[in-house]
Every structure is written in structure tokens, then in C-alpha cells.
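Analysis of the macromolecular model
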Amino acid sequence: KQEVTQIPAALSVPEGENLVLNCSFTDSAIYNLQWFRQDPGKGLTSLLLIQSSQREQTSGRLNASLDKSSGRSTLYIAASQPGDSATYLCAPRPQGTDKLIFGTGTRLQVFP
Amino acid sequence: KAGVTQTPRYLIKTRGQQVTLSCSPISGHRSVSWYQQTPGQGLQFLFEYFSETQRNKGNFPGRFSGRQFSNSRSEMNVSTLELGDSALYLCASSLGQGDNQPQHFGDGTRLSIL
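Everything in this summary refers to the structure shown in the same document. Just so it is clear, the structure is predicted and the values come from calculations on it, not from any experiment.

A closer look at the overall build of chain A
The number of helices and strands found in chain A is zero helices and ten strands. Counting only C-alpha atoms, chain A reaches 45 × 30 × 20 Å along its principal axes. Within chain A, buried positions represent 45% of all 112 residues. Sequence separation of at least 24 residues holds for 54% of the intrachain contacts in chain A that already meet a minimum separation of 6. In chain A, the 10 positive side-chain charges and the 9 negative ones have mean positions that sit 5 Å from each other.

Re the overall build of chain B
Counting secondary structure elements, chain B contains zero helices and eleven strands. From first element to last, N terminus to C terminus, chain B shows the α and β order β-β-β-β-β-β-β-β-β-β-β. The C-alpha radius of gyration of chain B comes to 13 Å, within 12% of the 13 Å expected for a compact globule of 114 residues. Dimensions of chain B along its principal axes, counting C-alpha atoms only, are 40 × 25 × 25 Å. Among the 114 residues that make up chain B, the fraction classed as buried is 48%. Here the contacts in chain B between residues at least 6 apart in sequence split such that 55% fall between residues at least 24 apart. One way to put it: in chain B the 11 positive side-chain charges average out to a point 3 Å from where the 7 negative ones average out.

Details of the sheet that holds strand S8 (residues 72-77) of chain A
Residues and elements named next belong to chain A. What the five strands build is an open sheet, ordered S1-S3-S8-S7-S6; its pairing is antiparallel. If you trace the sheet from one side to the other, it starts and ends with strand S1 (4-7) and strand S6 (56-59), each paired once. Averaged over all adjacent pairs, the angle separating strand axes in this sheet is 15 degrees, with direction ignored. Taken together, the four bridges between S6 and strand S7 (residues 62-67) define a ladder with antiparallel strand orientation. Counterpart to Ser59 in the pairing with S7 is Leu62.

A word on unusual backbone geometry
Of note, the bond from Ile7 of chain A into Pro8 of chain A is cis; its omega dihedral lies within 30 degrees of zero at 0 degrees. By secondary structure assignment, the location of Pro8 of chain A is in the loop between S1 and strand S2 (10-14). In the segment running from Thr7 of chain B into Pro8 of chain B, the intervening peptide bond is cis, with an omega of -10 degrees. Relative to the assigned elements, Pro8 of chain B resides in the loop between strand S1 (5-7) and strand S2 (10-13). Positive phi values are uncommon outside glycine, yet Ser51 of chain B reaches one of about 50 degrees. Mapped onto the elements, Ser51 of chain B comes out in the loop between strand S5 (42-50) and strand S6 (53-57). By relative accessible area, Ser51 of chain B is classed as partly exposed at 35%. For Ser72 of chain B, which is not glycine, the phi torsion reads 75 degrees and is therefore positive. On the secondary structure map, Ser72 of chain B appears in the loop between strand S7 (64-68) and strand S8 (74-78).

Some points on the state of the cysteines
The final tally for this structure, using the stated rule, is two disulfides over all chains. Two residues, Cys23 of chain A and Cys90 of chain A, share a disulfide whose sulfurs are 2.0 Å apart. Handedness of the Cys23 of chain A-Cys90 of chain A disulfide follows from its S-S torsion of about 70 degrees: it is right-handed. A residue pair is termed long-range when its members are at least 10 positions apart, and Cys23 of chain A in strand S3 (residues 19-25) and Cys90 of chain A in strand S9 (residues 86-94) qualify at 67 residues. Between the sulfur of Cys23 of chain B and that of Cys91 of chain B lies a disulfide, 1.7 Å long from S to S.

Some details on the packing of aromatic side chains
Residue and element names in this part refer to chain B. Enumeration according to the criterion identifies eight aromatic pairs over all chains in this entry. Pairing Tyr35 with Phe45 gives two aromatic rings, centres 5.7 Å apart and planes at 70 degrees, and the pair type is edge-to-face. Of this pair, Tyr35 sits in strand S4 (residues 31-38) while Phe45 is found in strand S5, placing the two residues ten residues apart along the sequence. Of the two residues, Tyr35 and Phe45, both sit in the buried class. Judged by centre distance (5.6 Å) and plane angle (45 degrees), the ring pair of Tyr35 and Phe105 falls under tilted. Pair noted here: Tyr35 is in strand S4 and Phe105 is in strand S10 (residues 104-105), with a separation of 70 residues, a long-range link.

Here is what the cut-offs are and how they apply
Residues numbered from 1 in each chain as written. Chains lettered and ligands numbered in written order. Predicted model: local features only at pLDDT ≥ 70, side-chain atom pairs only at ≥ 80, totals over all residues. Heavy atoms only, no water. Helix = DSSP H or I, 4+ residues; strand = E, 2+ residues; numbered from the N terminus. Buried < 20%, exposed > 50% of the residue type's maximum accessible area, 1.4 Å probe, protein only. Contact = heavy atoms within 4.5 Å. Lys, Arg positive; Asp, Glu negative; His and termini not counted. Charge placed at Lys NZ, Arg CZ, Asp CG, Glu CD. Rg over C-alpha atoms; globule rule 2.2 N^0.38 Å. Pairing = 2+ DSSP bridges. Axes fitted to C-alpha atoms, helices over the stretch in contact; angles between N-to-C directions. Disulfide = S-S within 2.5 Å. Phe/Tyr/Trp six-rings, centres within 6.5 Å; stacked < 30°, edge-to-face > 60°.

In C-alpha cells:
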């Protein structure tokens, strides 16, 4: 059974800092892994999808890496801004299914 | 291109009633999945549909059911509502199995049980 853990659970930083959010999963038989952000009371916004054959994926100030064999992914946020404040969720997709398994999330607050 | 649309956005029901939630996927997407989000349990998978067939089901009681129509729109139904069913219900769509396209989520339906 796939289990996903995200560390830290919460993070509060001043604007401008570079951040690393960690995600670990127990079963390496995944198709891909997706990172999402969720604003309070809202749905999920897809940030990055990294395929199992890839090592990393970049979009603007965001960079996600994947080490499938060790069951780890990291989301790197460069030059954080107050608008980055949200909960960040990682979700590996087990092979052969569209189902995503979610971690508990990292609640990020970036203050001016 | 319109995103995933869920209706209604908010719903208040009482114990014992039943409810139907609707999800319209992104045009061209054939796979629809449903998730329940609560503060205590986080995001949990309910079920997944592809081409009108349920392919996967999560660990929820039989009171939770769903279906998908030929136009890929999906509905989920919860019967005999319990207080613990209060949650944000999220729907996600993607192109379908075998693809590496991301799943896209709607804004959810917030269900409150009194």
C-alpha cells in the first residue's frame, strides 16, 4: 500500500528565501508524480508533473526532482513570494491507474 | 479552454438524506476521478471512471456510488448521509489511461451535514 509523507508539515519564511519541500513514498512502482498547490477553500492547482523516467522538471521558479528508486521527490521554490503562500501536496500515481495517492501536505506561509 | 466544473459549490444536508454531486471534465478528457478531503483524513480516493466504466474504487462504504455518462460527465451519489460525510469533494479529469498528462481538479463541492 502506497504511503506518502511530506516534510515539513508547516513552514513560515520571509519573502525572498529559497525553499525545499520534501515528499517521500513507499512504493516505487509509480507512473508519475504530480505536485499541487491548494489555496484555502479551493481545489487543487497542478504545478508540475514529473514522469517516472525523468529526474527533474522545471516551471518558472519551481523545480521538482524525482528519485524513484529511493522513493523521494523534492519541490524547490526559488525567491519565494507572499503569493506562494498555500498548501503544497505531492501525489504519486501508481502504475496502471489514474488514482493519485496524496501526502498530508506542507502548509507554506511567506511573509513580506 | 474551460476547466473542470463541479456543481453545486456548496451544499447543506441533514443526516439520513441523500445527495448527488456533478462533475464536468475538461473537453476531451475521458477519465474522471473523485476524492474526499477532510481535515482529519486528508485527500482520499473515492473512485475512478473511464469510458463509463468504474476502474478503481477506494475504501468507502457502499453508500458512496458514482457513474459516468457517454459525454464523460460524472456524478457521485451519497445515500443515508452521516455527519462524518461533511467534506470537500473534489473531481479530477485527465485524458485517460496510458497517458502522462496531468490530472486537473475542479474547485470542489463543500458538503455540510447538519
